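Examining the three-dimensional arrangement
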Amino acid sequence: MIISVKTGSRTQMIDITDQVRRAVKDFGVRDGLVHIFSMHTTGAVTINENADPAVPKDILNTINKIVPWDDRYTHMEGNSAAHIKVSLFGPSEMVALEDGSLVLGTWQSIFFCEFDGPRQRKVNVTVLPADR
Ligand code: ZN
C-alpha cells in the first residue's frame, strides 16, 4: 500500500506514523511485521523522536554539515548530497505489529526524510502476517 507524502523544503523530516497506522489497519492483520519503504533514491525512512521537534531539527542540521549540498561531486544531476544521505539513513524501517498496534517506544515516530525536496513522495507499506 502506498502512502503519499508531500514535502515542502529541500531537507525535511515528516512524521508519517499516523499514515502508516492507517495503512496497516487496511491490511486487517493483527500480528506480524510492518515494512516501511521509501520508493526514492533521494528520500529515506527513519525512526526517531518527535516528542521534541528539536530532535529532527538537530538531526537535519547535523546531516547537512556532514554531507554539504555543494562539494566536488561528479553526479550530473547535482543532487549527490541527497543520494549520500539516503545511503546513510537507509530506505526502510521494520516495525513489529502486535494486537493491531505498531510496537514503538514512547518517544519513537516514523519519519520520511526528504533530502531533495520539495517533492511528492511515495512510501510503500507492507505487512507480513505472523504465522500463528
Ligand atoms: Zn541524482
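Use the structure listed above.
Worth saying up front: this structure is predicted, and the values here are computed from it rather than measured.

This next bit is on the coordination of the zinc ion. Ideal values differ by geometry: the angle at a metal is 109.5 degrees with four tetrahedral donors, but 90 or 180 degrees with six octahedral donors. In this structure, His75 (NE2), Glu77 (OE), Asn79 (OD1) and His83 (NE2) serve as the protein donors to the zinc ion, at separations of 2.0 to 2.2 Å. Here the zinc ion is ringed by four donor atoms whose angles at the metal span 91 to 147 degrees, and the overall shape comes out irregular. Here histidine 83 falls in the partly exposed class, since its relative accessible area comes to 24%.

The set of residues buried in helix H3 (residues 80-89) consists of Ser80, Ala81, Ala82, Lys85, Val86 and Phe89. Along its buried surface, H3 packs onto strand S4 (43-49), helix H2 (54-66) and strand S7 (108-114). Positive phi shows up at glycine 90, right after H3, with a value of about 90 degrees.

Taken as a whole, this structure holds three salt bridges when the rule is applied. The partner of aspartate 18 in a salt bridge is arginine 21, with the nearest N and O atoms 3.3 Å apart. Pair noted here: aspartate 18 and arginine 21 are both in helix H1 (residues 17-27), with a separation of three residues, about one helical turn. Looking at arginine 21, the relative accessible area reads 40%, which means it is partly exposed. A salt bridge links glutamate 114 to arginine 121; the nearest nitrogen and oxygen atoms lie 2.7 Å apart.

What follows concerns the pairing of S7. By the criterion of burial, S7 is predominantly enclosed, with six of the seven residues buried. Examined bridge by bridge, S4 and S7 share seven bridges and lie antiparallel to one another. Residue glutamate 49 lies in a different strand from S7, and its bridge partner there is glutamine 108.

A word on the packing of H2 against H3. Where H2 contacts H3, the axes come no closer than 11 Å and their chain directions differ by 120 degrees. Viewed along their axes, H2 and H3 adopt a mutual orientation that is oblique. The chirality of how H2 crosses H3 is right-handed. Facing Ile59, Ile63 and Asn64 of H2, the residues of H3 in contact are Lys85, Leu88 and Phe89. For the contact of H2 with H3, the residue count by class is four nonpolar, one polar and one charged.

Conventions used here
- Residues numbered from 1 in each chain as written.
- Predicted model: local features only at pLDDT ≥ 70, side-chain atom pairs only at ≥ 80, totals over all residues.
- Heavy atoms only, no water.
- Donors = N, O, S within 2.8 Å, 3.2 Å for Na, K, Ca; no water.
- Tetrahedral: all angles 85-135°; square planar, octahedral: opposite > 155°, others 65-115°.
- Buried < 20%, exposed > 50% of the residue type's maximum accessible area, 1.4 Å probe, protein only.
- Helix = DSSP H or I, 4+ residues; strand = E, 2+ residues; numbered from the N terminus.
- Contact = heavy atoms within 4.5 Å.
- Salt bridge = Lys/Arg side-chain N within 4 Å of Asp/Glu carboxyl O.
- Pairing = 2+ DSSP bridges.
- Axes fitted to C-alpha atoms, helices over the stretch in contact; angles between N-to-C directions.
- Parallel < 35°, antiparallel > 145°, perpendicular 65-115°, else oblique.
- Left-handed = near helix turned anticlockwise from the far one by under 90°.
- Nonpolar A, V, L, I, M, F, W, Y, C, P; charged D, E, K, R; others polar.

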